Amino acid sequence: MSDLVLRAREWLAQDPDPETRAELEAVLALDDETELASRFGSRLEFGTAGLRGELGAGPARMNRVTVMRAAAGLARVLGPGRHVVIGYDARRNSDVFARDTAAVLTGAGLRASVMDGRWPTPVLAFAVRHLGADAGVMVTASHNPPRDNGYKVYWGDGAQIVPPVDGEISRAIDAVGRVDELPLGESWDTLTHEAIVTPYLRALAALPVGDARDVRIAYTPLHGVGADTLAEAFLSAGFAVPEMVAAQRDPDPDFPTVAFPNPEEPGAMDLALELAGTIGADIVLANDPDADRCATGLRLPDGGYRMLTGDELGSLLAEHILRNTSGDDRLVATTIVSSSLLGKIAAAHGVRYAETLTGFKWIMKAGPGLIFGYEEALGYSVGSDAGLPVHDKDGIGAALTVAGLAAAARREGRTLLDLLDDQARRYGLHATGQLSVRVEDLSLIGRAMARLREEPPAKLGGREVESAEDLGAGLSGLPPTDGLRYRLAGGARVVVRPSGTEPKLKCYLEVVVPVTGPASGDVARARAAAAADLAAIKADLSAALGV
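All figures in this text were calculated on a predicted structure; none of them were measured in a lab. (Residues numbered from 1 in each chain as written. Predicted model: local features only at pLDDT ≥ 70, side-chain atom pairs only at ≥ 80, totals over all residues. Heavy atoms only, no water.)

Draft legend 1. Spotlight on the nonpolar core. In this structure, Met-115, Phe-234, Leu-285, Phe-372, Tyr-380 and Leu-416 are the most contacted members of the largest nonpolar core, which totals 84 residues. In terms of residues, this core owes the most to one element, helix H14 (residues 395-411), which gives ten residues. Setting aside residues up to four positions removed in sequence, Phe-234 forms contacts with Ile-217, Phe-239, Ala-240, Pro-242, Leu-285, Ala-399, Leu-400 and Ala-403. In terms of nonpolar packing, the next biggest core, distinct from the first, is built from 47 residues, Ala-72, Val-139, Tyr-151 and Leu-182 among them. (Core = buried A, V, L, I, M, F, W, Y, C linked by side-chain atoms within 4.5 Å. Buried < 20%, exposed > 50% of the residue type's maximum accessible area, 1.4 Å probe, protein only. Helix = DSSP H or I, 4+ residues; strand = E, 2+ residues; numbered from the N terminus. Contact = heavy atoms within 4.5 Å.)

Draft legend 2. Examining the sheet that holds strand S8 (residues 243-244) more closely. Read across the open sheet, the five strands follow the order S8-S7-S9-S10-S11; overall the sheet is mixed. Here the strands that pair on one side only, and so sit at the sheet edges, are S8 and strand S11 (305-307). Relative to S11, strand S10 (residues 294-299) runs antiparallel, the two being bridged by three bridges. What sits directly across from Gly-297, in S11, is Met-307. Packed onto the sheet, helix H10 (residues 270-279) meets strand S7 (217-220), S8, strand S9 (283-287) and S11 and runs at close to 160 degrees relative to S7. (Pairing = 2+ DSSP bridges. Axes fitted to C-alpha atoms, helices over the stretch in contact; angles between N-to-C directions.)

Draft legend 3. Broad picture of the pairing of strand S19 (residues 484-488). Across the five residues that make up S19, a large majority, four, are buried. Judged from the five bridges that link them, strand S18 (residues 463-470) and S19 form a sheet pairing that is antiparallel. Residue pairing in the sheet places Glu-469 in a bridge with Arg-485 of S19. Where S19 and strand S20 (residues 493-498) come together, four bridges link them in antiparallel fashion. For Arg-485, the partnering residue across the bridge sits in S20 and is Val-495. If you look at the hairpin formed by S19 and S20, you'll find four residues sitting between the two strands, and Gly-490 has a positive phi there, around 80 degrees.

Draft legend 4. Up close: the side chain of Ser-381. With respect to the helices and strands, the residue Ser-381 is situated in strand S15 (residues 379-382). Here Asp-392 takes part through its backbone oxygen, which lies 3.4 Å from a polar atom of the side chain of Ser-381. Look past the residues within four positions of Ser-381 in its chain and what remains in contact with it is Phe-360, Met-364, Ile-371, Phe-372, Gly-373, Leu-388, Val-390 and Asp-392. (Polar contact = N/O pair within 3.5 Å; in protein donor to acceptor, adjacent residues only side chain to side chain.)

Draft legend 5. Geometry of the environment of Ser-170. Structurally, Ser-170 can be placed in helix H7 (residues 165-174). For Ser-170, a relative accessible area of 12% corresponds to the buried category. Separated by 96 residues in sequence, Ser-170 and Leu-74 have C-alpha atoms that sit 8.6 Å apart. Non-local contacts of Ser-170, meaning those with residues more than four positions away in its chain, are made with Arg-43 and Phe-46.

Draft legend 6. Spatial organisation of helix H8 (residues 193-204). Across its twelve residues, H8 extends 15 Å between first and last C-alpha, which sits within 8% of the 16 Å expected from 1.5 Å per residue. Inspection of H8 places Ile-196, Val-197, Pro-199, Tyr-200, Leu-201 and Leu-204 among the buried residues, and these make up the whole buried set. Buried residues along H8 sit in contact with strand S3 (111-115), helix H6 (121-130), helix H9 (227-236) and H14. (Expected span 1.5 Å × (residues − 1).)

Draft legend 7. Summary view of the pattern of salt bridges. Summed over the entire model, instances satisfying the criterion amount to 43 salt bridges. In this structure, Glu-375 and Lys-393 form a salt bridge, with 3.9 Å as the shortest nitrogen-oxygen distance. Here Glu-375 is found in strand S14 (residues 370-375), whereas its partner Lys-393 is found in the loop between S15 and H14, with 18 residues between them in sequence. Like Glu-375, the residue Lys-393 is buried in the burial classification. In this structure, a network of salt bridges that share partners links the residues Glu-23, Glu-35, Arg-39 and Arg-61. (Salt bridge = Lys/Arg side-chain N within 4 Å of Asp/Glu carboxyl O.)

Draft legend 8. Spotlight on the pairing of S14. The buried fraction of S14 is high, at six of six residues. Sheet analysis places strand S12 (residues 331-335) next to S14, joined by three bridges and oriented parallel. In the strand pairing of S14, Val-332 is matched with Phe-372. Relative to S15, S14 runs antiparallel, the two being bridged by four bridges. Bridge pairing in S15 links Gly-373 to Ser-381. Between S14 and the antiparallel strand that follows it, S15, lie three residues; Leu-378 among them carries a positive phi value of about 70 degrees.

Take a look at the structure:
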């Protein structure tokens with residue numbers, strides 16, 4: 001009997017899920033060593049993003065055994081008597097994984113509170129601080145493909161875990177024995193809508209949305225859990241509920257109308273843009289399936305629509321927040337892969353600016369006085385003089401703030417595009433783009449990074465590479481991370497890094513083009529020039545990657 005078969009049979013003996021047991025028995029019956037190796041040749045690694053992977057049997061998949069081991073590891077790190085809040089989205093088995101987590105935690109002597117509905121991730125992040133809990137668990141795979149699920153852990157500050165906590169939990173998971181020998185609790189607290197969603201909505205009421213309400217919005221939750229909470233948030237703030245894409249309104253773990261449930265992916269926003277054109281919407285809003293991200297599109301002068309980049313929306317929200325808050329000790333933060341424009345906006349408003357590693361777990365650690373944080377991947381945490389309602393990205397709060405900003409502009413006969421043009425004239429046009437390579441074989445990413453380290457490009461898009469920095473060395477006081485940053489002539493910049501949540505190699509590009517003169521045509525010409533520059537850099541970078 002091979003080692004893989006032995007491990008598979010040991011797994012079968014402890015698996016409480018009849019579905020994954022049947023799946024694994026079928027693989028064993030076929031004597032399929034390749035399939036066994038894909039499930040038992042490795043395991044999902046627990047890190048700062050928790051766990052995320054394809055559903056199925058074995059330690060390299062998301063399943064009830066994997067989740068119970070993670071819960072047991074978390075319980076060992078926290079210790080008896082601690083309080084953990086648990087939320088879940090509408091993906092397959094999310095509710096089951098939430099209940100398994102509660103059973104393991106309570107069996108280990110902890111107190112667990114489980115939300116009684118499929119609510120957005122920012123509601124869970126809010127709940128941790130609101131209830132004074134010691135930790136939180138959100139069962140979600142966010143915007144990953146339908147076959148995936150995930151397990152995200154928050155600490156008592158309401159933010160996602162960072163080192164060394166992730167390592168402590170990972171080591172505790174490694175020490176867990178058979179899950180069928182774990183003591184399991186049978187009862188835990190239930191959190192109702194009134195207990196947690198209502199306070200969350202009250203917290204959002206402090207956001208600076210202004211008093212303009214005349215704006216027409218097309219919205220999609222992309223088959224996720226955002227629709228009901230967003231509708232309540234808009235009604236509570238005095239807005240009309242946005243027109244929703246009917247085919248994508250209700251939660252559906254199969255995500256039948258999109259190839260990938262991520263508003264950044266090609267085609268994902270097609271139905272929302274179609275609805276916007278039908279109703280003559282001023283803006284288009286979208287949340288990803290767990291509603292922690294917010295995508296925004298705007299109507300163009302010719303009646304068409306285009307989606308804003310994460311950096312464009314980040315710059316608009318940043319300046320709006322800074323104009324509507326006060327205090328000398330305010331801080332705004334973004335990541336090393338986001339646009340450099342936020343630093344210029346901060347300087348113009350006389351506030352502090354911080355740059356962190358990729359991920360909101362790092363943005364939330366940027367420092368005291370944080371009033372706004374964003375990452376280019378459509379994640380935003382917006383605040384007021386009362387602080388940040390959520391210590392993580394919040395697609396509902398961001399959408400509400402965008403609606404207020406768009407309504408105020410409309411009242412003045414202007415649009416979000418006009419506001420972007422204003423910023424281009426003040427700070428120069430900062431245009432960003434991305435080259436993203438999805439792979440089946442993860443070793444291709446490692447080889448591409450090694451190739452770039454061994455033979456860094458001398459030119460990209462006709463621009464000299466003025467410096468090449470290896471982020472693995474922990475530059476500028478940042479913790480080490482697998483990434484490379486190139487600074488090009490003329491203020492351009494490229495960052496290359498493996499994705500932390502998907503099998504992708506991601507490259508982030510930025511060029512800065514000066515804008516002269518007050519005419520809108522000057523901004524249009526700058527945008528055209530920037531688009532050409534980005535395309536040239538992308539072409540050369542693609543060749544250099546060799547993937």
